[in-house]
Amino acid sequence: MPNLARKRYVPYLPDFLSLCERNYAQLRFFLPVNQRAGQRCLIHINASESYQVELLELCKYTTTVSIELISQSMTGWLKPRFEVRLYHDARLAEVLACQQVRQLKAVYSYPNVDMLLPDEKRQINLLLRDWLNLCSRRGYQNAELLA
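Residues numbered from 1 in each chain as written. Predicted model: local features only at pLDDT ≥ 70, side-chain atom pairs only at ≥ 80, totals over all residues. Heavy atoms only, no water.

As annotated in an unreviewed UniProt entry, the protein carries the name DUF1249 domain-containing protein and is attributed to Rheinheimera tangshanensis.

What follows is the structure, encoded as structure tokens:
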């Protein structure tokens, strides 16, 4: 009889920190040089879609930003939206919220009520990495600073 028990997910911290370091290194290029809270930047991906990066909070060692898709063809609850905190002293960027999921745990039991993956926090930070790669390849040259 095969053993069908699932092995419990255990996060590998060096891998996660490496991911957060790479996200920080890429995300800082999308932030304005003279930063102030409320400042926004549009990154055009194509003719009908852009991403808006807004500085929500600026502190001595951290910056919190919101990243949201601006699209005429997509309904509100389907639009990707991240809230990311940049830790300048550690040079890390971590997703605080994605869509309606806030305060992500490092590990979730599975199955759970919200049907989140055991490594949901890592998966959402991987999604941020993919988004940053998309913007680097397609939209960074078309960044537009808004007041």
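Following the structure, the description resumes.
Peer 1: With reference to specific residues and values, describe the pattern of salt bridges.
Peer 2: This model, assessed by the stated rule, comprises five salt bridges. For E57, the salt bridge is made with R85, and the minimal N-O distance between the two is 3.6 Å. In this pair, E57 sits in strand β2 (residues 49-58) while R85 sits in strand β4 (residues 81-87), placing the two residues 28 residues apart along the sequence. Given the relative accessible area of 34%, E57 is considered partly exposed. (Salt bridge = Lys/Arg side-chain N within 4 Å of Asp/Glu carboxyl O. Helix = DSSP H or I, 4+ residues; strand = E, 2+ residues; numbered from the N terminus. Buried < 20%, exposed > 50% of the residue type's maximum accessible area, 1.4 Å probe, protein only.)

Peer 1: Tell me about the environment of D15, residues and numbers included.
Peer 2: Within the secondary structure, D15 is located in helix α1 (residues 13-27). With a relative accessible area of 30%, D15 lands in the partly exposed category. Note: C-alpha distance between D15 and R122 (107 residues apart in sequence) is 9.4 Å. If we ignore the near neighbours within four places in the chain, the residues touching D15 are R22 and R122. A polar contact of 3.1 Å, which involves the side chain of D15, links it to the side chain of R122. (Contact = heavy atoms within 4.5 Å. Polar contact = N/O pair within 3.5 Å; in protein donor to acceptor, adjacent residues only side chain to side chain.)

Peer 1: How would you explain the environment of L56 if you had to name every residue and give the values?
Peer 2: Positionally, L56 belongs in strand β2. Take L56: its relative accessible area is 36%, and that puts it in the partly exposed class. Separated by 28 residues in sequence, L56 and V84 have C-alpha atoms that sit 9.6 Å apart.

Peer 1: Hey, could you go over the nonpolar core for me, with residue numbers and the actual values?
Peer 2: Among the nonpolar cores identified, the biggest contains 27 residues, and V65, I67, V84 and W131 are the most heavily contacted of them. Among the secondary structure elements, those contributing two or more residues to this core are α1, β1 (40-44), β2, β3 (62-71), β4, β5 (92-98) and α2 (120-139). The element best represented in this core is α2, accounting for five residues. Discounting residues that sit within four places of it in the chain, W131 has contacts with L27, I43, Y51, V53, I67 and F82. (Core = buried A, V, L, I, M, F, W, Y, C linked by side-chain atoms within 4.5 Å.)

Peer 1: I'd like a rundown of the side chain of S50, residues and numbers included.
Peer 2: Tracing the backbone through its elements, the reader meets S50 in strand β2. Looking at S50, its side chain comes within polar contact range of the side chain of H44, at 2.9 Å. Setting aside residues up to four positions removed in sequence, S50 forms contacts with L42, I43, H44, I45, E68, L69 and I70.

Peer 1: Summarise the pairing of β5; cite the residues concerned and give the values.
Peer 2: Of all seven residues that make up β5, seven are buried, and the element is covered over most of its length. Summarising the sheet, β4 and β5 pair through six bridges and their orientation is antiparallel. Directly across from F82, in β5, lies its bridge partner C98. The hairpin formed by β4 and β5 contains four residues between the paired strands, and R91 there has a positive phi angle of roughly 55°. As paired elements, β5 and strand β6 (residues 101-102) share two bridges and run antiparallel to each other. Its bridge partner lying in β6, A97 is registered against R102. The antiparallel pairing of β5 with β6 creates a hairpin that spans two residues between the two strands, and Q99 there sits at a positive phi of about 55°. (Pairing = 2+ DSSP bridges.)

Peer 1: Lay out the packing of aromatic side chains in plain terms, naming residues and giving numbers.
Peer 2: Each aromatic ring pair is described using two quantities: the centre-to-centre distance and the angle formed by the ring planes. Within this structure, the stated rule accounts for two aromatic pairs. Pairing Y51 with W131 gives two aromatic rings, centres 5.3 Å apart and planes at 75°, and the pair type is edge-to-face. Separated by 80 residues along the polypeptide, Y51 in strand β2 and W131 in helix α2 bring together distant segments of the chain. For the pair Y51 and W131, one class covers both residues: buried. Counting every residue linked through ring pairs, the aromatic cluster contains F30, Y51 and W131. Its end group placed over the ring of F29, R28 keeps NZ or CZ at 4.7 Å from the ring centre. (Phe/Tyr/Trp six-rings, centres within 6.5 Å; stacked < 30°, edge-to-face > 60°. Lys NZ or Arg CZ within 6 Å of the ring centre and 35° of its normal.)

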